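Chain residues, written in single-letter form:
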Amino acid sequence: MKLDSAPLSLSGISQTESQPELEDSTDITLTTAIIEPLQSVVADSPKKQESVAVIFGTTFITIFLAEIGDKTQLSTLLMSAESHAPWIVFMGSGAALITTSLLGVLLGSWIANRLSPKTVEKSAGVMLLLISLMLFWDVIIGH
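Caption draft 1: Inspection of the overall build of the protein chain at higher detail. Secondary structure assignment for the protein chain yields six helices and zero strands. Ordered by position from N to C terminus, the α and β elements of the protein chain give α-α-α-α-α-α. Within the protein chain, the proportion of its 143 residues that are buried is 4%. About 12,400 Å² of surface is accessible on the protein chain, with carbon and sulfur atoms providing 71% of the total.

Laid out in structure tokens, this is it:
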């Protein structure tokens, strides 16, 4: 199917002309044959590829900025300096970060399949609020 051709319902053919009543399995095959090309056009659209690039870029920038100067990076710096084997430390820390990211992605997809996005959003907000309150309390009591 050409990308510039319109679906049957938009090309002037009425709904009853484009999709006859289903009477037997050959009609189901015909309907499937009509629907599948339309779905493949949607799947190959540039927007789908763009959204993958946007998701990857946003994730990379967010994680990269969050990791700069954190305790993981400082620990890696110290281990590299002490061991005099920077490439071994790089491979070990890289494997650890990949593993923790994998666990986060798997847990996130498991949660997304069981809870609504609104529930996940509210739960994350409550957890971050509790962590903030605990840190604030620690600062107040610590002085």
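Resuming the write-up.
Caption draft 2: Examining unusual backbone geometry more closely. Non-glycine residue H84 carries a positive phi angle of around 60 degrees. Counting through the fold element by element, H84 comes out in the loop between helix 4 (71-83) and helix 5 (86-114).

Caption draft 3: Structural detail: the packing of helix 4 against helix 5. Their axes nearest at 8 Å, the elements helix 4 and helix 5 cross at an angle of 150 degrees. Accordingly, the angle class assigned to the pair helix 4 and helix 5 is roughly antiparallel. Between helix 4 and helix 5 lies a crossing of right-handed hand. Contact with helix 4, carried on its side by T72, T76, M79, S80 and S83, involves P86, V89, S93 and L97 of helix 5 and no other residues of that element.

Caption draft 4: Spatial organisation of the confidence of the model for the protein chain. Mean pLDDT over the protein chain: 77, with 65% of residues reaching 70 or higher. The least confident element of the protein chain, judged by mean pLDDT, is helix 1 (residues 15-18) at 46; the most confident is helix 5 at 94. Below a pLDDT of 50 lies the segment residues 1-6, which in the model reaches six contacts outside its immediate sequence neighbourhood of four places, other chains included. Residue range residues 29-34 is modelled with pLDDT below 50. Its contacts to residues more than four positions away, or to other chains, number four contacts.

Caption draft 5: Examining the packing of aromatic side chains more closely. Tallying each qualifying case throughout the model produces three aromatic pairs. Seen in terms of ring centroids, F56 and F60 are 6.5 Å apart; in terms of plane orientation they differ by 15 degrees. Their pairing is stacked. Placement of both F56 and F60 in helix 3 (residues 46-67) is noted, with a separation of four residues, approximately one turn of the helix. Feature note: the residues F56, F60 and F64 constitute an aromatic cluster, connected by ring pairs.

The rules behind each value
- Residues numbered from 1 in each chain as written.
- Predicted model: local features only at pLDDT ≥ 70, side-chain atom pairs only at ≥ 80, totals over all residues.
- Heavy atoms only, no water.
- Helix = DSSP H or I, 4+ residues; strand = E, 2+ residues; numbered from the N terminus.
- Buried < 20%, exposed > 50% of the residue type's maximum accessible area, 1.4 Å probe, protein only.
- Areas by Shrake-Rupley, 256 points an atom, 1.4 Å probe, with all protein chains shown as cover.
- Axes fitted to C-alpha atoms, helices over the stretch in contact; angles between N-to-C directions.
- Parallel < 35°, antiparallel > 145°, perpendicular 65-115°, else oblique.
- Left-handed = near helix turned anticlockwise from the far one by under 90°.
- Contact = heavy atoms within 4.5 Å.
- pLDDT = per-residue confidence, 0-100.
- Phe/Tyr/Trp six-rings, centres within 6.5 Å; stacked < 30°, edge-to-face > 60°.

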